[in-house]
Amino acid sequence: MDALLAFWERVTSQQPALPAAESWIAIAVAAAVVLFPPTWRLSRHAVTIAHEAGHALVATLTGRKLSGIRLHSDTSGVTVSRGRPRGPAMIATLLAGYTAPAILGLGASWMLGAGYATGMLWALLAALVLVLVQVRNWFGLWSVLVSGALVFAATWLLDERWRALVATAVVAFMLLGALRATIELQRVRRGGRARNSDADQLARLTHIPGIVWVGVFLVVASGCAVVAGAFLGLTPLPSIAG
């Protein structure tokens with residue numbers, strides 16, 4: 001019991017905010033990972049995990065029956081759910097993929113800004129465990145397990161300051177990764193190689209052009225980044241003149 005209480009106190013304890021300079025260093029590291037092609041090819045698997053988890057969560061919440069998640073070595077993935085092939089539930093499920101990494105980053109930034117860097121990392125680890133039980137291929141299992149091991153190592157082995165730095169880098173990576181993944185989606189669509197992308201499936205279901213849905217993904221990712229910066233105390237929220 002004492003061990004559980006100590007663990008709970010560790011997870012729920014608040015930490016002082018990082019100095020702005022250190023936060024920007026963590027963000028710069030995350031930006032370098034996203035912008036440098038070799039590191040992006042490897043780290044993009046984390047964005048795919050968040051993407052497919054978004055599909056899976058919304059499919060479940062809208063009453064569809066989740067069959068499983070598959071993650072592939074080329075950083076693609078697929079979430080299979082059963083239910084009506086058309087209608088609001090299917091549209092919401094498709095919409096959740098590209099928006100999930102940004103929304104995850106936004107939620108994590110809120111926890112981080114409130115001083116719960118350790119709790120945020122443990123929440124992320126719990127989310128990875130939930131994804132793990134839905135994965136249906138070996139590469140997907142390996143990908144989620146490696147991601148979970150890295151998060152666990154950060155929560156268990158690092159001191160308070162380093163945990164806050166890692167948490168900030170994770171937030172920045174998810175937000176910037178969401179933007180890059182969406183830009184890449186449109187680049188592939190323009191080349192005619194993504195006729196079954198989320199945006200194109202949404203276009204067929206709603207009769208709204210796929211480029212509009214890509215724009216929606218970009219607006220969500222950009223908006224989440226702006227609000228996340230405010231949560232972290234790094235950027236002001238834009239004011240709306242009355």
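Relevant structure appears above.
Given the structure is predicted, the values throughout are model-derived calculations rather than measurements. (Residues numbered from 1 in each chain as written. Predicted model: local features only at pLDDT ≥ 70, side-chain atom pairs only at ≥ 80, totals over all residues. Heavy atoms only, no water.)

(A) Structural detail: a nonpolar patch on the surface. A surface patch of nonpolar side chains, about 380 Å² in accessible area, is lined by Met1, Leu4 and Leu5. The residue Met1 is located in the segment before helix H1 (2-12) in this model. (Patch = residues over 30% accessible without salt bridge, like charges linked within 9 Å, V, L, I, M, F, W, Y side chains within 5 Å. Areas by Shrake-Rupley, 256 points an atom, 1.4 Å probe, with all protein chains shown as cover. Salt bridge = Lys/Arg side-chain N within 4 Å of Asp/Glu carboxyl O. Helix = DSSP H or I, 4+ residues; strand = E, 2+ residues; numbered from the N terminus.)

(B) Geometry of the side chain of Asn137. Inspection of the secondary structure puts Asn137 in the loop between helix H5 (117-132) and helix H6 (138-157). Relative accessible area serves as the criterion here: at 10%, Asn137 is assigned to the buried category. (Buried < 20%, exposed > 50% of the residue type's maximum accessible area, 1.4 Å probe, protein only.)

(C) Region of interest: the nonpolar core. Grouped together as the largest cluster of nonpolar side chains are 33 residues, with contacts concentrated most on Ile49, Met120, Val131, Val144, Val151, Ala167 and Val171. Every residue in contact with Met120, bar those within four places of it in the chain, is listed here: Ala108, Met111, Ala167 and Val171. If you look at the next biggest cluster of nonpolar residues, it comprises 21 residues, including Ala30, Ala50, Trp213 and Val214. (Core = buried A, V, L, I, M, F, W, Y, C linked by side-chain atoms within 4.5 Å. Contact = heavy atoms within 4.5 Å.)

(D) Examining the side chain of Glu22 more closely. With respect to the element layout, Glu22 can be found in helix H2 (residues 20-35). Residues contacting Glu22, with those up to four places away along its chain left out, are Arg161 and Leu165.

(E) Looking closely at helix H9 (residues 210-231). With 22 residues, H9 extends 32 Å from end C-alpha to end C-alpha; this agrees with the ideal 32 Å at 1.5 Å per step. Among the residues of H9, those classed as buried are Gly210, Trp213, Val214, Phe217, Ala221, Cys224, Ala228 and Gly229. For H9, the angular spread of buried residues about the axis comes to 155°, placing them on one side. On its buried face, H9 is in contact with helix H4 (88-113), helix H7 (160-190) and helix H8 (198-206). In the segment just after H9, Gly233 is the residue with positive phi, at about 75°. (Expected span 1.5 Å × (residues − 1). Arc of directions from axis to C-beta.)

(F) Representation of the environment of Leu125 within the structure. Along the chain, Leu125 turns up in helix H5. Linking Leu125 and Gly148, residues 23 residues apart in sequence, is a C-alpha distance of 5.9 Å.

(G) The pairing of strand E1 (residues 65-71), seen in detail. In terms of strand pairing, E1 meets strand E2 (residues 77-82) through six bridges, oriented antiparallel. Counted as the bridge partner of Ile69 is Thr79 from E2. In textbook terms, the turn of a hairpin is the stretch between consecutive antiparallel strands, and for E1 and E2 this stretch comprises five residues, one of which, Thr75, has a positive phi near 75°. (Pairing = 2+ DSSP bridges.)

(H) Broad picture of the packing of aromatic side chains. Applying the stated criterion across every chain, the model contains five aromatic pairs. Between Trp40 and Phe173 the ring centres are 6.3 Å apart and the planes differ by 55°, which places this aromatic pair in the tilted class. With Trp40 in helix H3 (residues 37-61) and Phe173 in helix H7, the pair connects residues that are 133 residues apart, well separated along the chain. With respect to class, Trp40 is no different from Phe173; both count as buried. For the ring pair Tyr98 and Phe217, a centre distance of 5.2 Å and an interplane angle of 20° mean the geometry is stacked. Note that Tyr98 is positioned in helix H4 and Phe217 in helix H9, a separation of 119 residues in sequence. The burial state of Tyr98 is the same as that of Phe217; both residues are buried. Ring-pair connections join several aromatic residues into one group, and the members of that group are Trp122, Phe152 and Trp156. Seen from the ring of Trp162, Arg161 lies directly overhead, with NZ or CZ sitting 5.9 Å from the centre. (Phe/Tyr/Trp six-rings, centres within 6.5 Å; stacked < 30°, edge-to-face > 60°. Lys NZ or Arg CZ within 6 Å of the ring centre and 35° of its normal.)

(I) Representation of H6 in the model. Between its first and last C-alpha atoms H6 spans 28 Å; for 20 residues at 1.5 Å apiece the expected length is 28 Å, and the two agree. Those residues of H6 that fall on the buried side of the exposure criterion are Gly140, Ser143, Val144, Ser147, Gly148, Val151, Ala154 and Thr155. With its buried residues spanning 120° around the axis, H6 presents them on a single face. For H6, exposure combined with an orientation more than 90 degrees from the buried face picks out Trp138, Leu150 and Leu157.

(J) Region of the structure containing unusual backbone geometry. If you check the backbone angles, Thr75 has positive phi at about 75° while not being a glycine. One can find Thr75 in the loop between E1 and E2. The class for Thr75 is buried, based on a relative accessible area of 14%. Its identity as a non-glycine residue notwithstanding, His207 has a phi of 65°, on the positive side. Tracing the chain through its elements places His207 in the loop between H8 and H9.

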